[in-house]
Amino acid sequence: MQSVHKESGWPLWPLFAAIPVVLALGFVAGMGVATYRPGVLTPGTLRTGPDQTTMAPPARTTLPPGDSSWIIPTGAGTNLASGASPVTAPNPIVPPPGPQAVSPDPQDVYFPGAATTLDEARMALRTDFGLYRAGGSVIFVDYQKMRQASGSPTLVGIISVRDYDTWTSALQTNPDKLKAWLQGAAARVQAAAVKGGFHLAWAVVDVVRDRPNGFDDREVIPLDNRAFLVIRPLAATVDHAKTEISLRTAVELTQGAAGAVNSPWATYGPVVRFDSTDIYRPLRALDAQPLLH
């Protein structure tokens, strides 16, 4: 300061007064250079363009895997001979040996291809013939492998007691349409039926809490769990290599289990023996036994 005063002859007090202003301008300039200098980013920012920055996203937190022990396999029925691997909890309860050792029955099945085996035929029919529309009503049809009277496997289209009235109404109002639909189902899996030698049948197979009206004593089996197993054959293929259907008439249905015992629907209709030969039982009959009557 003294050298400036001597050389310029200016008084010292204006120079001392300007010192705070110079310091403030230097601080502001330094901040600007640090912020906008190319190639330098301050912590917590992310460059998005030549002259733009945005806040960097927070680090992603890795969550521990969820607890799947609550998952319980469910299904409308039990396929006792399925080759699928069961879905189990981390600490499953091991069932006793015998037909109680079950695997879950998947509900969402889509099989658009040509069926060549009984299992593929089952999936194909569940895909394409899982319901029948009768006027404003719908009959839901499940397909399961079951034993017939001779002991051979048969592929059964199962309907519930709840939908049975809709079946009888469709049979009375438009039997030709119903029969054509059944023949279409047989044609869908004919190659598999020819190769495997199995028949295709339809029947009421259900377990209900109360004894249903309109069923013969030979069609209703009381169980020791206070429920009733209902089995009523409805239709079947005449020959495993053909699509011709034997459809049980309305008159035969009103007669209950009585009728032509040698008809295809009676011959190839499903049976449940409650022993190790059963391929399928409804879920509510799985741990039950028939009462003597």
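Residues numbered from 1 in each chain as written. Predicted model: local features only at pLDDT ≥ 70, side-chain atom pairs only at ≥ 80, totals over all residues. Heavy atoms only, no water.

Caption draft 1: Main features of the overall build of the chain. Broken down by element type, the chain carries eight helices and 13 strands. Counting every atom, the chain has about 17600 Å² of accessible surface; 60% of that belongs to carbon and sulfur. (Helix = DSSP H or I, 4+ residues; strand = E, 2+ residues; numbered from the N terminus. Areas by Shrake-Rupley, 256 points an atom, 1.4 Å probe, with all protein chains shown as cover.)

Caption draft 2: Spotlight on the nonpolar core. Among the nonpolar cores identified, the biggest contains 41 residues, and W167, L182 and W202 are the most heavily contacted of them. Residue contacts for W167: discarding those within four places in its chain leaves I139, I159, L178, L182, W202, L234 and L247. Formed by 15 residues, the second largest nonpolar core is a distinct cluster that contains I158, L223, L229 and V272. (Core = buried A, V, L, I, M, F, W, Y, C linked by side-chain atoms within 4.5 Å. Buried < 20%, exposed > 50% of the residue type's maximum accessible area, 1.4 Å probe, protein only. Contact = heavy atoms within 4.5 Å.)

Caption draft 3: Inspection of helix 4 (residues 161–173) at higher detail. For helix 4, with 13 residues, the first-to-last C-alpha span of 19 Å sits near the 18 Å given by 1.5 Å per residue. Along helix 4, the residues that are buried comprise V161, D163, Y164, T166, W167, T168, A170 and L171. (Expected span 1.5 Å × (residues − 1).)

Caption draft 4: Up close: the side chain of T168. Position of T168 relative to the elements: it lies in helix 4. Given the relative accessible area of 18%, T168 is considered buried. Here D165 takes part through its backbone oxygen, which lies 2.8 Å from a polar atom of the side chain of T168. (Polar contact = N/O pair within 3.5 Å; in protein donor to acceptor, adjacent residues only side chain to side chain.)

Caption draft 5: Local environment of the pattern of salt bridges. Inspection of the entire model under this criterion finds ten salt bridges. For D216, the salt bridge goes to R218, with nearest N and O atoms at 3.1 Å. Each of E219, R232 and R248 takes part in salt bridges that share partners, so that together they form one network. (Salt bridge = Lys/Arg side-chain N within 4 Å of Asp/Glu carboxyl O.)

Caption draft 6: Expanded view of the pairing of strand 7 (residues 153–159). Within strand 7, six of the seven residues are buried, which leaves the element mostly enclosed by the surrounding structure. Between strand 6 (residues 142–148) and strand 7, which pair antiparallel one after the other, the connecting turn spans four residues, and G151 there sits at a positive phi close to 100°. With five bridges joining them, strand 7 and strand 8 (residues 200–208) adopt parallel strand pairing. Across the sheet, residue G157 finds its bridge partner in strand 8, namely W202. (Pairing = 2+ DSSP bridges.)

Caption draft 7: Looking closely at the confidence of the model for the chain. Residue-level pLDDT values for the chain average 75, and 61% of them are 70 or greater. Across residues 32–75, confidence stays below pLDDT 50; counting only partners more than four residues off in sequence or on other chains, it has 35 contacts. A low-confidence stretch, residues 83–104 (pLDDT under 50), is modelled with 28 contacts involving residues beyond four sequence positions or located in other chains. (pLDDT = per-residue confidence, 0-100.)

Caption draft 8: Broad picture of the packing of aromatic side chains. Per the stated rule, a full pass over the model turns up three aromatic pairs. The interplanar angle of 45° and the centroid separation of 5.3 Å between the aromatic rings of Y164 and F215 together place this pair among those described as tilted. Placement of Y164 in helix 4 and of F215 in the loop between strand 8 and strand 9 (220–222) is noted, with a sequence separation of 51 residues between them. Among the residues examined, Y164 registers a relative accessible area of 8% and is labelled buried. Judged by its relative accessible area of 8%, F215 falls in the buried class. By way of ring pairs, the aromatic residues F129, Y132 and W181 are connected into one cluster. Across the ring face of W265, the terminal group of R248 is positioned such that the distance to the ring centre comes to 4.1 Å. (Phe/Tyr/Trp six-rings, centres within 6.5 Å; stacked < 30°, edge-to-face > 60°. Lys NZ or Arg CZ within 6 Å of the ring centre and 35° of its normal.)

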